[in-house]
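An overview of the molecular structure
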Amino acid sequence: MTTVMQFLGDSPPKLLAPYQLRIIDGNCLAATDHRLEALKPYAAKALPGKSLVVLDPDLKMAIDVFPCEDGHAQERSLFESVLQRVKPGELWIADRNMCTQGFLFGICKTSADFLIREHKSLPQEPIGELEFQCDVETGSIFEQTVALTYEGSCLKVRRVVLHLKKVTRDGDREIAILTTLPQTVASAADVAQLYRGRWSVETLFQIVTKNFEGEIQTLGYPKAALFSFCLALVSYNILAVVRRALGSVHGVGKIESSLSEFYMVDEIQGTYRGMTIACEPDNWSHLKALPLSQLADFLLDLAARVNLKSFLKQPRSPKKKKPPGNCGLTSSSSFYSKAFRPGSAVTLTGLV
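Attention in this report is confined to the structure presented alongside it. (Residues numbered from 1 in each chain as written. Predicted model: local features only at pLDDT ≥ 70, side-chain atom pairs only at ≥ 80, totals over all residues. Heavy atoms only, no water.)

1. Some details on the packing of aromatic side chains
Each aromatic ring pair is specified by the distance between its two centres and by the angle formed by the two planes. This model, assessed by the stated rule, comprises 4 aromatic pairs. Ring geometry for Phe 132 versus Phe 142: centroids 5.6 Å apart, planes at 70°, classification edge-to-face. Taken together, the residues Phe 132 in strand S7 (residues 131–136) and Phe 142 in strand S8 (residues 139–150) connect sequence positions 10 residues apart. (Phe/Tyr/Trp six-rings, centres within 6.5 Å; stacked < 30°, edge-to-face > 60°. Helix = DSSP H or I, 4+ residues; strand = E, 2+ residues; numbered from the N terminus.)

What follows is the structure in structure tokens.
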């Protein structure tokens, strides 16, 4: 699929050329029902597994996954497997759960770089004082140099601190980010912005869970549940190729800002069964023999015929502030008292 993308016209500019960005985050599958005899003795619902997923934000595709059948295991138990896939020239972005000495030094050993939020338990030694860099929309940015030590090795890294204007939902007043990126490549503001882009992997999880049904709550077998989740990731990647083809024809900006994944998935799910009935399998066999460049041209031809109006996001109106004290129940209570009093007539529209 990445090769097909290369033939789909000009790709969007990389977030930080020439680095290959890798956003990694953990995903824990939802608890399952107690339909299996082996799960009934447990007091709480069983967790069928968890995984670490690697996202390429430039391609907007999930390029790797590290499954774990033990849903109660720590994500850090998978770090050794992750480090075996790290390549030179990559920049790994992660949350503070990934901030361990072994993981940070392991990334550097492969000539790669990291940009990871600081964990409070990580031992470090400040080399310089925090110096003000700039003000951004969410707060003020400071920077200093700190030293990390692990198994006799020492590593000097940049520590970028964002003092927030508003407290986060976890009660944090500041966010500290550790990175090995040189200042000539990324300023302190760039580092903060790159970390902010880490939420794109959370969007991936939401799309996979809600639109592709990547978490089946009745699936109590860990291997089957993880396999189902991985199939949903493959479907997400296919959708990324479709979006790239549409962006090459209609404009990347319009596709990224206006197109709804929900409506796209709903269209595919609604027509797939009918296509399998109306079209024989032989009608699709010639596509297997097409060179990838011709397959890309075929996708571009189809993308030019798509009516984007059918897949646009619904604009959200600004939320209205509720008057204090009534919690918005006054009008509805008044309606119920009038509509359902004895002898009153209620229309179907009124009920809706």
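The structure having been displayed, the exposition proceeds.
2. A look at the pattern of salt bridges
The final tally for this structure, using the stated rule, is 12 salt bridges. In this structure, Arg 22 and Asp 56 form a salt bridge, with 3.2 Å as the shortest nitrogen-oxygen distance. You can see Arg 22 sitting in strand S1 (residues 20–28) and its partner Asp 56 sitting in strand S2 (residues 50–56), a full 34 residues away along the chain. The burial state of Arg 22 is the same as that of Asp 56; both residues are buried. One salt bridge connects Arg 159 with Glu 118, and the closest N-O pair in it is separated by 2.6 Å. Of this pair, Arg 159 sits in strand S9 (residues 153–164) while Glu 118 sits in the loop between strand S5 (113–117) and strand S6 (125–126), placing them 41 residues apart in sequence. By the burial criterion, Arg 159 is buried, and Glu 118 matches it. Ionic contacts of the salt-bridge type, sharing partners, join the residues Arg 22, Asp 56 and Glu 90 into one network. (Salt bridge = Lys/Arg side-chain N within 4 Å of Asp/Glu carboxyl O. Buried < 20%, exposed > 50% of the residue type's maximum accessible area, 1.4 Å probe, protein only.)

3. Some remarks on unusual backbone geometry
In the segment running from Ala 17 into Pro 18, the intervening peptide bond is cis, with an omega of 5°. By the secondary structure assignment, Pro 18 is in the loop between helix H1 (2–6) and S1. We note that Lys 60 has phi near 60°; this positive angle belongs to a residue other than glycine. Along the polypeptide, Lys 60 turns up in the loop between S2 and strand S3 (61–68). On the basis of relative accessible area, Lys 60 is assigned to the partly exposed category, the value being 36%. The phi angle at Ser 111 is positive, at roughly 65°, despite the residue not being glycine. In this structure, Ser 111 sits in the loop between helix H3 (101–109) and S5. Overall, the relative accessible area of 52% leaves Ser 111 in the exposed class.

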